[in-house]
Amino acid sequence: MTKYIFVTGGVLSGLGKGVTTAAVGKILRSRGVKVDLCKIDPYLNVDPGLMNPYQHGEVWVTKDGYEADLDFGHYERFLDIELDREHNITTGKVYLQVLEGERKGNYLGQTVQIIPHVTDEIKRQITEIARINNPDVLLVEIGGTTGDIEGMPFLEALRQLRMENGKENVLFVHVTLIPSLGTVGEQKTKPTQHSVKELRGIGIQPDILICRSPRPLLDETKAKLALFCDVGKPEVVSNHDVDNIYEVPLVMEEQGLGDNILSKLNIRERKHDLKEWRRFVEQVKGLRGEVRIALVGKYTELRDSYISVAEALKHSGYALDTKVDIQWVEALGLEDDPRKVGVLKGADGILVPGGFGKRGSEGKILAIEYARRNDLPFLGICFGFQLAVVEYARNVLGLKDANSSELDPQTPHPVIDLLPEQKEVKQMGGTMRLGEIPVEIEPDTLAHRIYGATRIGERHRHRYEVNPRYIEELEAKGLRFSSRSDGGRRMEVLEIPGQFHFLATQFHPEFRSRPQRPASVFKAFVEAAVRKKVMEEKKLHPQAR
Ligand code: GLN
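Residues numbered from 1 in each chain as written. Predicted model: local features only at pLDDT ≥ 70, side-chain atom pairs only at ≥ 80, totals over all residues. Heavy atoms only, no water.

Asks: I'm lost on the overall build of the protein in this one. Help?
Replies: On a plain count of helices and strands, the protein comes out with 18 helices and 23 strands. Here the C-alpha atoms of the protein give a radius of gyration of 25 Å, agreeing with the 24 Å that 2.2 N^0.38 yields for 545 residues. Reported as C-alpha extents along the three principal axes, the dimensions of the protein are approximately 70 × 70 × 40 Å. Taken across its 545 residues, the protein has 58% of its residues classed as buried. Long-range pairs, those at least 24 residues apart, make up 73% of the contacts in the protein with a sequence separation of at least 6. Across the protein, 76 positive and 79 negative side-chain charges occur, with their mean positions spaced 3 Å apart. (Helix = DSSP H or I, 4+ residues; strand = E, 2+ residues; numbered from the N terminus. Rg over C-alpha atoms; globule rule 2.2 N^0.38 Å. Buried < 20%, exposed > 50% of the residue type's maximum accessible area, 1.4 Å probe, protein only. Contact = heavy atoms within 4.5 Å. Lys, Arg positive; Asp, Glu negative; His and termini not counted. Charge placed at Lys NZ, Arg CZ, Asp CG, Glu CD.)

Asks: Help me understand the packing of aromatic side chains in this model?
Replies: Two numbers describe a pair of aromatic rings. These are the distance of the centres and the angle of the planes. Scanning all chains against the criterion turns up 14 aromatic pairs. Centroid distance Trp60 to Phe511: 4.8 Å. Interplanar angle 70 degrees. Geometry classified as edge-to-face. With a gap of 451 residues between them, Trp60 in strand E3 (residues 60-61) and Phe511 in the loop between strand E23 (502-505) and helix H18 (520-540) connect regions that are remote in the sequence. Of the two residues, Trp60 and Phe511, both sit in the buried class. What links up through ring pairs into an aromatic cluster is the set Phe78, Tyr246, Trp277, Phe280 and Tyr318. (Phe/Tyr/Trp six-rings, centres within 6.5 Å; stacked < 30°, edge-to-face > 60°.)

Asks: Sorry, what's going on with the pattern of salt bridges here?
Replies: Pairing between side chains of opposite charge can happen when the charged atoms of each approach one another. The tally for this structure, following the rule as stated, stands at 45 salt bridges. A salt bridge links Lys285 to Glu247, with the shortest nitrogen-to-oxygen separation between them at 3.2 Å. With Lys285 in helix H11 (residues 275-285) and Glu247 in the loop between strand E11 (236-240) and helix H9 (248-254), this residue pair connects regions lying 38 residues apart in the sequence. Each member of the salt-bridge network shares a partner with another, and the members are Lys63, Glu76, Asp80, Glu82, Arg459, Arg514 and Arg517. (Salt bridge = Lys/Arg side-chain N within 4 Å of Asp/Glu carboxyl O.)

Asks: Sorry, what's going on with the state of the cysteines here?
Replies: Cysteine pairs can be linked by a disulfide, which is a covalent bond between their two sulfur atoms. Tallied over the entire structure, the rule returns zero disulfides. Looking at the unpaired Cys229, the closest cysteine sulfur is the one in Cys211, lying at 8.0 Å. For Cys229, a relative accessible area of 0% corresponds to the buried category. (Disulfide = S-S within 2.5 Å.)

Asks: What is the right way to read unusual backbone geometry from this model?
Replies: Phi is mostly negative for residues that are not glycine, and the peptide bonds are mostly trans. Each neighbour pair has its own omega, and for Ile115 with Pro116 the value is 10 degrees, a cis peptide bond. Its place among the elements puts Pro116 in helix H5 (residues 114-133). In the Ramachandran plot, Asp230 falls in the positive-phi region, its phi being about 65 degrees despite a non-glycine side chain. For Asp230, the position within the fold is in the loop between helix H8 (219-229) and E11. Judged by its relative accessible area of 56%, Asp230 is exposed. The residue Asp321 is not glycine, and still its phi comes out positive at about 55 degrees.

This is the structure we're talking about:
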């Protein structure tokens, strides 16, 4: 029978609850426990696919083509797993189910209410994940903060699940914040006390407190929290800031979190094995090389908007013993003042990630042009791929005003155009070309050298594509489409053979990057940037060896 760990959040959002949940999963897995993770997002959206990255950070794409919260990225990266759409429960999804059921007559004769109908549906969706995947432990992270009105039905459902399944099968972990005040940095426990009180008010007593704080929790802080929140002192775990998020499982395991959870859930004691992970974390802390990658995006002020891209770059650096220094370049800035393109001078490589809409697109095109003309390593992803085609069409083919019809519906040269099947699409939610799709790679190309295979699967999220009418002309002028899909109809990878390293993908390789297994497209790009840097240094100092 599956046991449950419910992870709630206290005090404020953005505490790193996703990383914490993933880290707990990592600890349990290292004990030989079969874990599965899912996320509850109490907002009314059915999924986060139509949300602005400024609201919620990046939209993650699962293998089966679901647009999910970015915490899915933490789960997949920490545990090296692939989750499907059923692993996300939102208020929108729950209500949709209940309301459709009501129209069908499933509740004939009854008044449909939050309790029990909505809470029953929540419980059904959670237990269904457990039933299908049959893990020893299902970790369920609840988005938002305790006390939010929209979270209430979920917490009530979780309370019921604890009652129905028994204490030894259900654990509540509360992730909370311990701020430090004043010059001495006194650790304040009051916000946490209030947050636990709030939980208790709805009938939930947390079993374990995981405390985010700038510095390790002092012994007296732990004692105080234990006293006021009615947990044992060993149940108060310090989850203080660390340089690298992959260190979090180690920090918590050192405080006995694994043993504690196992004994509470009555799971037979197993020796932990985070040795190999520790070695990895140590190696990451001591990276020797350094390379600078300019990431040109529209949402650079909220770094979470590009979290998977940034992670994939870092993972590549780990494999190359190199620290990747990401230079965040605001595309809107370049667009408003093209002279600002000079900021790219110090970069060893330029990356243009996925995106939507006109604003900032001209800035991104300028950055692509800069990379091509200066023969700097370039990686374009999705929107970055499409804009690389636009740049080439304008500046090499001389098709003035070439554009994507997403950005300029009136363009005389729509080199990027709506996917034909998208023309029928009326509803925007969940209707892009989504998820893992097989891609064919041509031999003797950079893409083939990178993947070492002729057939791969990568995740997609787009409505637009290279317009087939322009392929011949683009290829005749030196752009090479080295990978295609859907029987050769869709362009998936472009490269420019004469360039040092110029490659872009219609798909998103970042979603398959793992800390110890970087996405090969990213690794090849970072490697090229490192080589470029060495070459440039040699040019500057010819005598140096
Ligand atoms: N806006 C583009 C499209 O819809 C690119 C999408 C993306 O970068 N994910 O095709």
